[in-house]
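Now for the letters of each chain:
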Amino acid sequence: MRNEKLRNVAIIAHVDHGKTTLVDEMLKQGGVYRENQEVVDRVMDSGDLERERGITILAKNTAIQYGGTKINIVDTPGHADFGGEVERILKMVNGVILLVDAAEGPMPQTRFVLSKALELGHRVIVVVNKIDRPDQRIHEVIDEVLELLMDLDATPEQLDSPMLFCSGRNGTASYSPDAAGADLTPLFETILEYIPAPEAEYEAARRLSPDPHTYPVPACGREADKCPPPREGCPQRPHFPQSPPAYD
């Protein structure tokens with residue numbers, strides 16, 4: 001059974017492609033902050049070194065509520081030196097947002113992380129970011145992303161991934177490269193529609209081990225002199241002879 005009120009998604013991108021800035025805007029528009037709350041930029045880069053260098057070193061999780069659904073967002077490292085951290089995170093989510101700079105296009109780290117996501121069978125939402133750059137080349141980047149997916153042996157479903165066009169700095173997203181968006185609603189809606197909900201075991205909470213202090217402890221079936229001493233904190237189980245007692 002799937003928990004339709006939950007989505008787990010990771011954002012993967014190369015260094016300085018606007019990943020953390022986009023997450024900032026998602027938090028703001030997701031209602032995480034109060035209207036009068038003072039908010040720092042790049043809130044996900046919490047480490048001193050991360051803020052100094054402007055990069056993400058350790059993966060971090062945050063969440064927003066959108067339309068009654070909780071969206072867990074993992075901001076992952078974008079540098080090749082931290083690829084192991086990215087691989088670990090990819091096993092915890094159900095889909096990924098592939099963020100690509102509208103001018104630079106897919107980079108080597110993007111290729112490496114995307115290959116890992118495709119191997120896990122994750123669905124991919126392609127986001128072309130920084131479309132407001134004066135040197136943007138959106139249509140060429142679209143072709144480069146599709147070529148990258150084909151080079152990595154993506155499935156037909158993954159090749160047909162939805163594509164959005166964003167400006168993380170302005171907090172906008174649109175379905176068309178030729179039309180500017182008003183906010184990030186298209187991104188939120190695409191996450192809910194395209195990223196699968198996680199599997200949930202609703203009955204798992206009932207499969208609890210009985211409390212040995214509450215329920216009778218079964219006999220161990222061995223004689224007392226052959227039974228090992230009980231572990232600390234565990235009650236001693238009663239003993240009975242191997243041969244059942246004779247009854248009249």
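Residues numbered from 1 in each chain as written. Predicted model: local features only at pLDDT ≥ 70, side-chain atom pairs only at ≥ 80, totals over all residues. Heavy atoms only, no water.

Undergrad: Give me the overall build of the protein: which residues, what numbers.
TA: Scanning the protein from N- to C-terminus turns up 7 helices and 7 strands. Across the protein, helices and strands are ordered from the amino to the carboxyl terminus as β-α-α-β-β-α-β-α-β-α-α-β-β-α. In the protein, which comprises 248 residues, the share counted as buried stands at 43%. Within the protein, residue pairs in contact and separated by at least 24 positions form 65% of the contacts whose partners lie at least 6 positions apart. Carbon and sulfur atoms make up 51% of the accessible area of the protein, which totals about 14200 Å². (Helix = DSSP H or I, 4+ residues; strand = E, 2+ residues; numbered from the N terminus. Buried < 20%, exposed > 50% of the residue type's maximum accessible area, 1.4 Å probe, protein only. Contact = heavy atoms within 4.5 Å. Areas by Shrake-Rupley, 256 points an atom, 1.4 Å probe, with all protein chains shown as cover.)

Undergrad: Any details on the environment of glutamate 157? Residues and values, ideally.
TA: Mapped onto the elements of the fold, glutamate 157 is located in helix H6 (residues 156-159). Put simply, glutamate 157 and glycine 121 are 36 residues apart on the chain and 9.9 Å apart in space, counted from C-alpha to C-alpha. Glutamate 157 has contacts with Arg123 and Tyr194, leaving out every residue within four places of it along the chain.

Undergrad: Give a detailed account of unusual backbone geometry, specifying residues and quantitative values.
TA: Notably, lysine 130 is not glycine yet its phi reads approximately 60°, a positive angle. Checked against the element boundaries, lysine 130 lands in the loop between strand E5 (123-129) and helix H5 (138-151). Of note, the phi angle at aspartate 153 is positive, near 60°, even though the residue is not glycine. Assignment of secondary structure puts aspartate 153 in the loop between H5 and H6. Under the relative-accessibility criterion, aspartate 153 is labelled exposed at 67%.

Undergrad: For the pairing of strand E6 (residues 163-167), give the residues involved together with the corresponding values.
TA: Counted residue by residue, E6 has 5 buried out of 5 residues, so it is predominantly covered. Side chains of E6 alternate between two faces, with Met163, Phe165 and Ser167 and Leu164 and Cys166 buried alike. When E6 meets strand E7 (residues 172-174), the two strands line up antiparallel, connected through 3 bridges. Residue serine 167 lies in a different strand from E7, and its bridge partner there is threonine 172. Counted along the chain from E6 to the antiparallel partner E7, the turn is 4 residues long, and its residue glycine 171 has a positive phi close to 70°. (Pairing = 2+ DSSP bridges.)

Undergrad: With reference to specific residues and values, describe the pairing of strand E3 (residues 69-75).
TA: The buried fraction of E3 is high, at 6 of 7 residues. Where strand E1 (residues 6-12) lies against E3, 6 bridges are found, and the strand directions are parallel. Its bridge partner being in E3, leucine 6 is matched across the sheet by lysine 70.

Undergrad: An account of the pattern of salt bridges is needed here, citing residue identities and associated values.
TA: A side chain with one charge may pair with a side chain of the opposite charge, provided their charged atoms come close. All told, the structure shown has 9 salt bridges when counted by the stated rule. Residue lysine 28 pairs with glutamate 25 through a salt bridge whose shortest N-O separation is 3.7 Å. With a gap of 3 residues between them, lysine 28 and glutamate 25 both fall in helix H1 (residues 19-29), about one helical turn apart. A relative accessible area of 38% places lysine 28 in the partly exposed class. What makes glutamate 25 buried here is its relative accessible area of 14%. Note that glutamate 157 and arginine 123 form a salt bridge whose closest N and O atoms lie 2.9 Å from each other. Taken together, the residues glutamate 157 in helix H6 and arginine 123 in strand E5 connect sequence positions 34 residues apart. Residue class for glutamate 157 comes out partly exposed when judged on its relative accessible area of 42%. (Salt bridge = Lys/Arg side-chain N within 4 Å of Asp/Glu carboxyl O.)

Undergrad: Run through the side chain of threonine 190, naming residues and quoting values.
TA: Position of threonine 190 relative to the elements: it lies in helix H7 (residues 185-194). A distance of 2.7 Å separates a polar atom in the side chain of threonine 190 from the backbone oxygen of proline 186. (Polar contact = N/O pair within 3.5 Å; in protein donor to acceptor, adjacent residues only side chain to side chain.)

Undergrad: Got a sec to walk through the side chain of serine 161? Specific residues and values, please.
TA: Tracing the backbone shows serine 161 in the loop between H6 and E6. Relative accessible area serves as the criterion here: at 11%, serine 161 is assigned to the buried category. Of the polar contacts made by the side chain of serine 161, one reaches the backbone oxygen of valine 124; its length is 3.1 Å. Among residues more than four places away in sequence, those in contact with serine 161 are Val124, Val126 and Tyr194.

Any link to function would need more than the numbers given here.
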